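# Geometric and topological summary
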Amino acid sequence: MSVTIYHNPACGTSRNTLAMIRQSGVEPIVVEYLTTPPDRETIVKLIADAGLTVREALRQKGTPFDELGLADPAKSDDELLDAIEAHPILLNRPFVVTPLGTRLCRPSEAVLDILENPDIGPFTKEDGEAVIDAEGKRVA
(Lines give C-alpha, C1' and ligand atoms only; values in the text may rest on other atoms or scores of the structure.)
Protein backbone atom coordinates (compact mmCIF):
# COMPACT_ATOMS: atom_id res chain seq x y z
CA MET A 1 0.00 0.00 0.00
CA SER A 2 1.36 3.38 -0.98
CA VAL A 3 0.98 5.97 1.78
CA THR A 4 2.14 9.58 1.71
CA ILE A 5 2.23 11.83 4.74
CA TYR A 6 2.70 15.59 4.53
CA HIS A 7 4.67 15.82 7.74
CA ASN A 8 6.09 18.38 10.13
CA PRO A 9 8.56 16.64 12.46
CA ALA A 10 8.12 19.46 15.00
CA CYS A 11 4.41 18.63 15.37
CA GLY A 12 3.33 15.99 17.90
CA THR A 13 0.15 15.17 15.99
CA SER A 14 2.19 14.62 12.85
CA ARG A 15 4.74 12.44 14.69
CA ASN A 16 1.95 10.34 16.26
CA THR A 17 0.30 9.89 12.86
CA LEU A 18 3.58 8.81 11.29
CA ALA A 19 4.16 6.34 14.13
CA MET A 20 0.71 4.77 13.60
CA ILE A 21 1.35 4.41 9.87
CA ARG A 22 4.65 2.69 10.57
CA GLN A 23 3.09 0.47 13.25
CA SER A 24 0.59 -0.67 10.61
CA GLY A 25 3.51 -2.18 8.70
CA VAL A 26 3.87 0.53 6.06
CA GLU A 27 6.87 2.75 5.48
CA PRO A 28 5.26 5.85 3.98
CA ILE A 29 6.60 8.48 1.65
CA VAL A 30 7.34 11.32 4.05
CA VAL A 31 7.07 14.81 2.59
CA GLU A 32 8.39 17.40 5.03
CA TYR A 33 6.13 20.03 3.60
CA LEU A 34 7.87 22.98 5.23
CA THR A 35 11.16 22.18 3.46
CA THR A 36 9.56 20.75 0.30
CA PRO A 37 6.20 22.50 -0.03
CA PRO A 38 3.66 20.91 -2.35
CA ASP A 39 2.66 22.95 -5.38
CA ARG A 40 -0.70 24.71 -5.56
CA GLU A 41 -2.30 21.93 -7.62
CA THR A 42 -1.30 19.34 -4.99
CA ILE A 43 -2.58 21.53 -2.14
CA VAL A 44 -5.93 21.98 -3.89
CA LYS A 45 -6.18 18.22 -4.50
CA LEU A 46 -5.27 17.32 -0.90
CA ILE A 47 -7.89 19.68 0.47
CA ALA A 48 -10.61 18.57 -1.98
CA ASP A 49 -9.87 14.85 -1.56
CA ALA A 50 -10.08 15.27 2.22
CA GLY A 51 -13.52 16.86 1.79
CA LEU A 52 -12.43 20.16 3.27
CA THR A 53 -12.69 23.79 2.25
CA VAL A 54 -9.51 25.80 1.87
CA ARG A 55 -10.44 27.70 5.01
CA GLU A 56 -10.86 24.44 6.97
CA ALA A 57 -7.36 23.38 5.92
CA LEU A 58 -5.72 26.50 7.37
CA ARG A 59 -3.68 26.33 10.53
CA GLN A 60 -3.92 29.32 12.85
CA LYS A 61 -1.70 28.48 15.82
CA GLY A 62 1.96 29.32 15.36
CA THR A 63 1.43 30.83 11.91
CA PRO A 64 1.05 34.30 10.36
CA PHE A 65 -2.73 33.68 10.10
CA ASP A 66 -3.70 36.73 12.18
CA GLU A 67 -1.03 39.02 10.77
CA LEU A 68 -2.24 38.25 7.23
CA GLY A 69 -5.87 38.88 8.14
CA LEU A 70 -6.92 35.40 7.02
CA ALA A 71 -9.88 35.30 9.42
CA ASP A 72 -11.59 37.82 7.15
CA PRO A 73 -14.49 35.90 5.55
CA ALA A 74 -14.14 38.09 2.45
CA LYS A 75 -10.80 36.40 1.64
CA SER A 76 -11.28 34.18 -1.41
CA ASP A 77 -9.97 30.64 -1.77
CA ASP A 78 -7.39 31.99 -4.22
CA GLU A 79 -6.18 34.51 -1.64
CA LEU A 80 -6.00 31.79 1.01
CA LEU A 81 -4.08 29.52 -1.37
CA ASP A 82 -1.70 32.38 -2.19
CA ALA A 83 -1.04 32.72 1.56
CA ILE A 84 -0.42 28.96 1.93
CA GLU A 85 2.01 29.03 -0.99
CA ALA A 86 3.87 31.98 0.53
CA HIS A 87 3.76 30.49 4.06
CA PRO A 88 3.50 26.66 3.94
CA ILE A 89 3.12 26.58 7.75
CA LEU A 90 -0.46 27.77 7.13
CA LEU A 91 -1.38 24.36 5.70
CA ASN A 92 -2.65 22.27 8.56
CA ARG A 93 -1.01 18.91 9.12
CA PRO A 94 -0.63 16.09 8.73
CA PHE A 95 -2.40 15.27 5.50
CA VAL A 96 -2.19 11.55 4.70
CA VAL A 97 -2.96 10.00 1.31
CA THR A 98 -3.62 6.27 0.90
CA PRO A 99 -5.53 4.23 -1.69
CA LEU A 100 -8.43 4.28 0.79
CA GLY A 101 -8.62 8.07 0.96
CA THR A 102 -7.10 11.35 2.00
CA ARG A 103 -7.46 12.82 5.48
CA LEU A 104 -6.26 15.72 7.52
CA CYS A 105 -5.33 13.57 10.50
CA ARG A 106 -6.41 15.76 13.37
CA PRO A 107 -6.69 13.97 15.68
CA SER A 108 -3.86 11.66 14.65
CA GLU A 109 -5.96 8.51 15.04
CA ALA A 110 -8.04 9.62 12.03
CA VAL A 111 -5.31 7.93 10.01
CA LEU A 112 -6.64 4.53 11.11
CA ASP A 113 -9.72 5.09 8.94
CA ILE A 114 -7.63 5.11 5.76
CA LEU A 115 -5.02 2.46 6.51
CA GLU A 116 -5.25 -0.94 4.89
CA ASN A 117 -4.24 -2.48 8.23
CA PRO A 118 -5.83 -0.37 10.99
CA ASP A 119 -5.28 -3.18 13.54
CA ILE A 120 -1.94 -1.86 14.69
CA GLY A 121 -2.02 -3.22 18.22
CA PRO A 122 -1.71 -1.09 21.35
CA PHE A 123 -0.78 2.52 20.70
CA THR A 124 -0.22 5.44 23.04
CA LYS A 125 0.47 8.97 21.84
CA GLU A 126 3.60 10.83 22.88
CA ASP A 127 1.59 12.73 25.51
CA GLY A 128 0.48 9.48 27.15
CA GLU A 129 -3.05 9.40 25.71
CA ALA A 130 -4.04 5.85 24.82
CA VAL A 131 -5.46 5.43 21.30
CA ILE A 132 -5.66 1.62 21.16
CA ASP A 133 -5.70 -0.50 24.29
CA ALA A 134 -3.97 -3.85 24.95
CA GLU A 135 -6.97 -5.73 23.51
CA GLY A 136 -6.67 -3.81 20.23
CA LYS A 137 -9.79 -1.68 20.78
CA ARG A 138 -9.87 2.04 20.14
CA VAL A 139 -10.10 4.06 23.32
CA ALA A 140 -12.92 6.59 23.19
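Anything mentioned here points back to the structure above.
Criteria and thresholds
Residues numbered from 1 in each chain as written. Predicted model: local features only at pLDDT ≥ 70, side-chain atom pairs only at ≥ 80, totals over all residues. Heavy atoms only, no water. Helix = DSSP H or I, 4+ residues; strand = E, 2+ residues; numbered from the N terminus. Rg over C-alpha atoms; globule rule 2.2 N^0.38 Å. Buried < 20%, exposed > 50% of the residue type's maximum accessible area, 1.4 Å probe, protein only. Contact = heavy atoms within 4.5 Å. Core = buried A, V, L, I, M, F, W, Y, C linked by side-chain atoms within 4.5 Å. Pairing = 2+ DSSP bridges. Axes fitted to C-alpha atoms, helices over the stretch in contact; angles between N-to-C directions. Arc of directions from axis to C-beta. Left-handed = near helix turned anticlockwise from the far one by under 90°. Nonpolar A, V, L, I, M, F, W, Y, C, P; charged D, E, K, R; others polar.

Attention shifts here to the overall build of the chain. Secondary structure assignment for the chain yields three helices and six strands. Along the chain, helices and strands appear, N-terminal first, in the series β-α-β-α-α-β-β-β-β. Taking 140 residues into account, the globule formula puts the C-alpha radius of gyration at 14 Å, and the chain, at 15 Å, falls close to it. Overall, the chain is about 50 × 30 × 25 Å in size when its C-alpha atoms are taken along their principal axes. Per-residue burial for the chain yields a buried fraction of 43% across its 140 residues. Of all intrachain contacts in the chain linking residues separated by at least 6 positions in sequence, the fraction that spans at least 24 positions is 58%.

The biggest cluster of nonpolar side chains holds 19 residues, and the ones touching the most others in it are Ile47, Ile84, Leu90, Leu91 and Phe95. Of all elements in the fold, only α2 (40-49) and α3 (77-86) reach the threshold of two or more residues within this core.

In this section: the pairing of strand β3 (residues 95-98). Relative to β3, strand β1 (residues 4-7) runs antiparallel, the two being bridged by three bridges. Looking at the pairing, isoleucine 5 lines up with valine 96 of β3. The pairing of β3 with strand β4 (residues 101-104) spans four bridges and is classified as antiparallel. Looking at the pairing, valine 96 lines up with arginine 103 of β4. In this structure, the hairpin formed by β3 and β4 is closed by a connection of two residues.

Moving on to the sheet that holds β1. Ordered by their spatial adjacency, four strands build an open sheet running β2-β1-β3-β4, and the pairing between neighbours is mixed. The open sheet has two edge strands with one neighbour each: β2 (29-32) and β4. Within this sheet the neighbouring strands show an average axis-to-axis angle of 15 degrees, counted without direction. Packing of helix α1 (residues 12-23) onto the sheet brings it into contact with β1, β2 and β3, and relative to β1 it is tilted by some 160 degrees. Contacting β1, β3 and β4, α2 crosses the sheet at an angle of about 80 degrees to β3.

This next bit is on α2. Within the sequence span of α2, burial applies to Ile43, Leu46 and Ile47. For α2, the arc enclosing every buried residue in end-on projection is 95 degrees, short of the 170-degree limit, so these residues lie on one face. Of the residues in α2, the exposed ones pointing more than 90 degrees away from the buried face are Glu41 and Lys45. Those residues of α2 that are buried lie in contact with β1, α3, β3 and β4. Positive backbone phi, approximately 75 degrees, marks glycine 51, located one or two places after α2.

What follows is about the packing of α2 against α3. Relative to each other, α2 and α3 sit at 120 degrees, their axes nearing to 11 Å. Here α2 runs over α3; the crossing is right-handed. Between α2, through Arg40, Ile43 and Val44, and α3, the contact on the second element is made entirely by Asp78, Leu81, Asp82, Ile84 and Glu85. Along the lines of polarity and charge, the residues of the contact of α2 with α3 split into four nonpolar, no polar and four charged.

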